[in-house]
Amino acid sequence: MAEILAENLGVSSTFFQENCPEETSYLRMNRYPPCPFSSEVFGLVPHTDSSFLTVVSQDQIGGLQLWKNGRWINVKPNPDALVINIGDLFQALSNDVYKSIKHRVLAPQQVERLSLAFFYCPTYETVIKSCIKPSMYREFTFREFLMQIQRDVKATGDKVGVSRFLL
Ligand SMILES: O=C(O)CCC(=O)C(=O)O
Ligand SMILES: [Fe+2]
């Protein structure tokens, strides 16, 4: 899927094969326990993913929301479908042709919710640069990106993200 999305971006056809070996991607298992204060807390605070793509499998409880056209949209659970999110790295690689989607998870009120998120990521040394010119972002390695996030979270409490690398 990453290869298909990158087809018209000038990205080398072997880019993902070369930079995303199996061991650099990971699966996160999320458990959201029922919360009596669910209107006051999040299951997962609004964020974008630091991956190329994220594949999410969610159960039937619901609560995942996307920020679209200035409002939060519910992602209706569908047992026959996976949710694929564009992550920060695809946004930079595509020079904003694809946008990293902001999303959040509401805390469930009565029953626990489970989800699985697979983060498709490159090696730390992978250089992220757009082939579309003029490039909006300066080139950076995945390692630099993750370290910048750590610094920003420490300093501001927030991730900031790819906008940090805008030229
Ligand atoms: O639980 C979900 O539906 C989404 C999980 C998520 O956004 C994440 O793990 O980054
Ligand atoms: Fe996420």
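All residue numbers refer to position in the chain's written sequence, counted from 1. Each chain is given a letter, starting from A, and each ligand a number, starting from 1, according to the order in which they appear as written. Local features in a predicted model are, by the rule used here, given only for residues with pLDDT of at least 70; side-chain atom pairs are given and counted only at 80 or more, and totals for whole chains, interfaces and linings are based on all residues. Neither water nor hydrogens contribute to the side-chain values; these are computed over all heavy atoms in the structure.

## Quick notes on the site of ligand 1
Residues are counted as near a molecule or strand when any one of their heavy atoms sits within 4 Å of it. If you check the shell around ligand 1, you find 14 residues, and the closest are Arg 28, Tyr 32, His 103, Arg 113 and Ser 115. Contact between ligand 1 and Arg 28: an oxygen atom at 2.9 Å from a side-chain N or O atom of the residue. The side chain of His 47 places a nitrogen or oxygen atom 3.1 Å from an oxygen atom of ligand 1. Helix and strand definitions here come from DSSP, where helices need a minimum of 4 consecutive H or I residues and strands a minimum of 2 consecutive E residues; each element is numbered from the N-terminal end. Top contributing element to the shell around ligand 1 by residue count: strand E8 (residues 113–120), with four residues. Think of it as three bins: nonpolar holds Ala, Val, Leu, Ile, Met, Phe, Trp, Tyr, Cys and Pro, charged holds Asp, Glu, Lys and Arg, and polar takes everything else, Gly as well. Partitioning the shell around ligand 1 into residue classes produces seven nonpolar, four polar and three charged. Whenever two N or O atoms come within 3.5 Å, that pair is a polar contact, provided that in protein one can donate a hydrogen and the other can accept it, and provided that, for residues adjacent in sequence, both atoms are side-chain atoms.

## Concerning the UniProt feature "domain: Fe2OG dioxygenase" (unreviewed entry) in the protein
UniProt positions are given in the numbering used here, feature names are shortened, and annotations may be inferred rather than shown by experiment. UniProt records the feature "domain: Fe2OG dioxygenase" (unreviewed entry) at residues 23–122, using the numbering of this structure. End C-alpha to end C-alpha, residues 23–122 measures 9 Å, and it is 6% helix and 44% strand.

## Brief notes about the nonpolar core
Put simply, a nonpolar core is a bunch of buried Ala, Val, Leu, Ile, Met, Phe, Trp, Tyr and Cys residues held in one set by side-chain atoms that sit within 4.5 Å of each other. Categorising residues by exposure relies on relative accessible area from a 1.4 Å probe, with only protein chains included: less than 20% of the type maximum marks a residue as buried, more than 50% marks it as exposed, and the intermediate range marks it as partly exposed. Formed by 33 residues in total, the largest nonpolar core has its most connected members in Phe 16, Phe 52, Phe 90, Leu 93, Phe 140 and Phe 145. At the level of secondary structure, the elements contributing two or more residues to this core comprise helix H1 (2–6), helix H2 (15–19), strand E3 (53–58), strand E4 (64–68), strand E6 (83–86), helix H3 (88–93), E8 and helix H4 (142–156). Once you skip the residues sitting within four places of it in the chain, Leu 93 turns out to touch Val 11, Phe 15, Phe 16, Phe 52, Ile 128, Lys 129, Ser 130 and Cys 131. Any two residues whose heavy atoms approach within 4.5 Å are treated as being in contact.

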